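What follows is the residue order along each chain.
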Amino acid sequence: MPQMTVDGRTLALSHLDKVYYPRTGTLKGEVLRYYAAVHTALLPHLRDRPVSFLRCPDGVAAEVFVAKNPPPGTPDWVRTVEVPSNSGELRQVVLEDGGGLLSVVNLGCLELHVPQWHAAAPGLADRLVLDLDPGAGADVLTCRTVAGLLRERLAADGLEAWVKTSGGKGLHLLVPLEPTPSARVSAYAKELAAELAAARPELVVHTMAKARRTGRVLVDWSQNSAKKTTAAPYTVRARERPTVSAPLSWAELEAAGSAAELVFTIAEVPERLAAHGDPLGPLLDPARARPLPAAAPHRAQPQSPPPGGGDPVARDPVVLTPPVEVMRPAAVPAVPPADGLGGAGVLYELKLDGFRCVAFARGPDRPPFLQSRSGRDLAAEFPPIAAAVARLPAGLVLDAELVAWRGGRFAFEELLRTRRDRAAEDVALGLIAFDVLALPGRDVRSLPLADRRRLLLAALAEVPPPVQPVLATTDRAEALTWMEQLADTGVEGLVCKAAGSAYRPRGAGRVWVKYRRGDTVDATVRAVTGPPARPRAVVLELDDGRVLLSSPPLSPLQSRQVAEPAAGRLGAPVHDPQYGDVRPLTVPLRAEVTVTGRPPTARFVRLRGD
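**Quick look at the overall build of the chain**
No. 1: Counting its secondary structure elements, the chain contains 12 helices and 34 strands.
No. 2: Once the C-alpha set of the chain is aligned to its principal axes, its extents read approximately 95 × 80 × 45 Å.
No. 3: Long-range pairs, those at least 24 residues apart, make up 68% of the contacts in the chain with a sequence separation of at least 6.
No. 4: Total accessible area computed for the chain in this model is approximately 27,500 Å², and 53% of it derives from carbon and sulfur atoms.
No. 5: Within the chain, one finds 73 positive and 67 negative side-chain charges whose respective centroids are separated by 3 Å.

**What to know about the nonpolar core**
No. 1: Counting 77 residues, the largest nonpolar core has Y35, L130, L132 and L173 as its most contacted members.
No. 2: The element contributing the most residues to this core is helix α1 (residues 28-46), with 9 residues.
No. 3: The residues contacting L132, other than those within four sequence positions of it, are C143, V146, A147, L150, G170, L171, L173, V217, L218 and V219.
No. 4: Listed in part, the 34 residues of the second largest apolar core include L124, A379, L429 and A433.

**Considering the sheet that holds strand β26 (residues 472-473)**
No. 1: Strand order in the open sheet formed by 5 strands is β17-β28-β27-β18-β26, with mixed pairing between adjacent strands. Here the strands that pair on one side only, and so sit at the sheet edges, are β17 (330-331) and β26.
No. 2: Bridge count for strand β18 (residues 346-351) against β26 is 2 bridges, and the pairing is antiparallel. Bridge pairing links Y348 to T473 in β26.

**Here we look at the environment of V397**
No. 1: Turning to its location among the elements, V397 is positioned in strand β21 (residues 397-406).
No. 2: For V397, a relative accessible area of 1% puts it in the buried group.
No. 3: Each C-alpha atom of the pair V397 and V318 lies 8.9 Å from the other, and the pair is 79 residues apart in sequence.
No. 4: If we skip the residues at most four places from it in the chain, V397 touches L320, V358, A359, F360, D435, V436, L437 and A438.

**Focus: the side chain of S186**
No. 1: Summarising the element assignment, S186 is placed in helix α4 (residues 182-199).
No. 2: Discounting residues that sit within four places of it in the chain, S186 has contacts with W221, N224 and S225.

**Re the packing of aromatic side chains**
No. 1: For the coordinates displayed, the defined rule picks out 6 aromatic pairs.
No. 2: Here the aromatic rings of F355 and F382 are separated by 6.1 Å at their centres, their planes lie at 85°, and the arrangement is edge-to-face. Taken together, the residues span a long stretch of sequence, with F355 in strand β19 (residues 355-360) and F382 in the loop between β20 (369-371) and α7 (383-390) at a distance of 27 residues.
No. 3: What makes F355 buried here is its relative accessible area of 2%.
No. 4: When the ring centre of F264 is taken as origin, the NZ or CZ atom of R272, which lies over that ring, is 4.1 Å away.

**Observations regarding the pairing of strand β12 (residues 171-181)**
No. 1: β12 sits mainly inside the fold: 10 of its 11 residues count as buried.
No. 2: Strand direction decides the pairing type here: strand β10 (residues 124-134) and β12, joined by 8 bridges, are antiparallel. Paired with A125 across the two strands is T180, which belongs to β12.
No. 3: Strand direction decides the pairing type here: strand β11 (residues 162-165) and β12, joined by 4 bridges, are antiparallel. From the neighbouring strand, T165 faces β12, where its bridge partner is L171.
No. 4: Where β11 folds back onto β12 in an antiparallel hairpin, the turn is made up of 5 residues, including G167, whose phi is positive at roughly 90°.

**Let's talk about the environment of R445**
No. 1: Within the secondary structure layout, R445 lies in the loop between β24 (442-443) and α10 (449-459).
No. 2: The exposure class assigned to R445 is partly exposed, which follows from its relative accessible area of 24%.
No. 3: On a C-alpha basis, the gap between R445 and A67 in space is 35 Å, while along the polypeptide they are 378 residues apart.
No. 4: With sequence-adjacent residues up to four places away left out, R445 is seen in contact with L320, V324, L437, R452, A502 and Y503.

**Looking at unusual backbone geometry**
No. 1: Cis geometry is found at the peptide bond from P322 to P323, where omega equals 0°.
No. 2: Within the fold, P323 resides in the loop between α6 (269-276) and β17.
No. 3: Cis peptide bonds are those with omega within 30 degrees of zero, and the linkage from P465 to P466 qualifies with 20°.
No. 4: Here P466 is to be found in the loop between α10 and β25 (467-469).
No. 5: In this model, H15 sits at a positive phi of 50°, which is unusual for a non-glycine residue.
No. 6: Mapping H15 onto the fold places it in the loop between β2 (9-12) and β3 (19-21).
No. 7: In this model, Y234 sits at a positive phi of 75°, which is unusual for a non-glycine residue.
No. 8: Along the chain, Y234 turns up in the loop between β15 (230-231) and β16 (247-248).

**Points about the sheet that holds strand β9 (residues 109-114)**
No. 1: Across the sheet, which stays open at both edges, the 4 strands sit in the order β6-β5-β9-β15 with antiparallel pairing between neighbours. Each edge of the open sheet is held by one strand with a lone partner, namely β6 (65-67) and β15.
No. 2: As defined by bridge partners, β9 adjoins β15 across 2 bridges and the pair is classed as antiparallel. Opposite H113, over in β15, you have A231 as the bridge partner.

**Things to note about empty space enclosed by the protein**
No. 1: Inspection of the entire model under this criterion finds 1 cavity of 30 Å³ or more.
No. 2: When its volume is computed, the largest cavity comes out at roughly 30 Å³.
No. 3: Together, T165, G167, G168, T243, V244, L262, V263 and F264 line the largest cavity.
No. 4: Looking at the lining of the largest cavity residue by residue, the classes come out as 4 nonpolar, 4 polar and no charged.

**Focus: the layout of surface pockets**
No. 1: Computed from the structure, the largest pocket encloses a volume of approximately 1,300 Å³.
No. 2: Secondary-structure elements contributing two or more residues to the lining of the largest pocket are α1, β7 (80-83), β10, β12, β18, α10, β26 and α11 (476-485).
No. 3: Among the elements that make up the lining of the largest pocket, the one with the highest residue count is α10 (6 residues).
No. 4: Split by residue class, the lining of the largest pocket holds 24 nonpolar, 7 polar and 15 charged.

Thresholds applied
- Residues numbered from 1 in each chain as written.
- Predicted model: local features only at pLDDT ≥ 70, side-chain atom pairs only at ≥ 80, totals over all residues.
- Heavy atoms only, no water.
- Helix = DSSP H or I, 4+ residues; strand = E, 2+ residues; numbered from the N terminus.
- Contact = heavy atoms within 4.5 Å.
- Areas by Shrake-Rupley, 256 points an atom, 1.4 Å probe, with all protein chains shown as cover.
- Lys, Arg positive; Asp, Glu negative; His and termini not counted.
- Charge placed at Lys NZ, Arg CZ, Asp CG, Glu CD.
- Core = buried A, V, L, I, M, F, W, Y, C linked by side-chain atoms within 4.5 Å.
- Buried < 20%, exposed > 50% of the residue type's maximum accessible area, 1.4 Å probe, protein only.
- Pairing = 2+ DSSP bridges.
- Phe/Tyr/Trp six-rings, centres within 6.5 Å; stacked < 30°, edge-to-face > 60°.
- Lys NZ or Arg CZ within 6 Å of the ring centre and 35° of its normal.
- 1 Å grid on protein atoms, 1.4 Å probe; cavity = no way out; pocket = protein on both sides within 12 Å on 5 of 7 lines; lining within 4 Å.
- Points joined across faces, edges and corners; volume = space filled by probe spheres on them.
- Nonpolar A, V, L, I, M, F, W, Y, C, P; charged D, E, K, R; others polar.

In structure tokens:
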């Protein structure tokens, strides 16, 4: 049986000489070679989207049918996800590499169709699609005229459109969006189509009635429904000829002199791609995404001035104010698999050794606020970070780790020193953001993590250090490699988060977990011994219930670290027969410790948080 190796996977292929397109004599093997040639451009457009197939196992002249479930014979290593369905449980394929793509094509899956949302966030669209379908007497050049009108109209709402052929007679317009409920995107697209149909009734219709479509173009807005899909870029179509849904540049579309110039087959697209790259590549850039207009798509009406004249009152971009409750990961003994934490994918982030910090950018008239784990403002202690946050757009709120860097590694102890001491010894500070809680004018905590990650990268794309996004990946093996390679720099481990998780502090430990390399564990500080201003030791309760006194005694630096947050939390001293005079904490603190030996000895490392 013939074999093909793609992206490290060797596939056994079957019936390569089967005729798939009788009119042109195109063979199954040619279709497979086409998909192998374009898979590096095609797969990014399928990333994390469940795929529906048009299956033609015996060619386009035989039975052709839609398949949503993985086709029989799909390899076990091809990723599948559960997808909402009115008919019960539905699992669909998510294609992540060339091997997975070629394996399903080998099983007769000719066309690839995807929704406008990701598997991690069903029903939350990150793009808008308009399918321009010409009626009798119209063609793709008629669609071109409509596409130009829609492009201008979308631009008036701050949206940028890209274009591709449908692979048939029409065109598809694609618009990148900040994640938005599909119902709202669908409503916007419907009103947009209706508006154009009202303005140009001789050219455009927006309803499906075929009797009205002669000589006109249907602007099909319905594919924005969460239940609908659209032919993917570069998919082969099951038509008489092996045509492709081919991305175009606007210049190429405008220059076409005939409809035939806008028809592309599997023989032509690989050469176009090699010569010009992917015209839809910018569509994948998160920085291109824009918010859907809040109002219905009509020409903006001027705001009435407030009583007494003057300018309309601008909307405050600051929608979140400190303090906010943060999500806290639960400690785990092992790194979860990629299908753990709920099964919709895991984002693996480097775990850094610093202070938890929620950074609020509040505009030129209000100073930034750096919220510590306990809720106090760290801005006065870390002026370089405060200054960097002040330069961010007003209303941006980042969940981050405030870190110090010295001598080629993260240096937590430098955060405990005074700002004057840090400045004297040239300690570098950084704010490593791992989440975004708000954008200007918009609270995004309800969005899935995968979408918040895209928004975070877009928000920080042009922001220089010391504010940077954390290094993260969805590949578990890659994350483990990073952790080991960067161990000498002080990287503690990994924080692993469900890709579909909203930012909800309650129950966070079920969807956010942390794995710490080495032998440290978390414990609760229940009491201190010695003077309140200079504690000598701490009484620790381990998570398994054991209670131990820290040994050896706290260092002067550790003593100061404990004394400050313990102040105001100390109860009356009591005599303990085992530990002597101790002062219990009315509100416990969390600490990182090492436990060794038999009987066990607990060595205090540091307090968790700030």
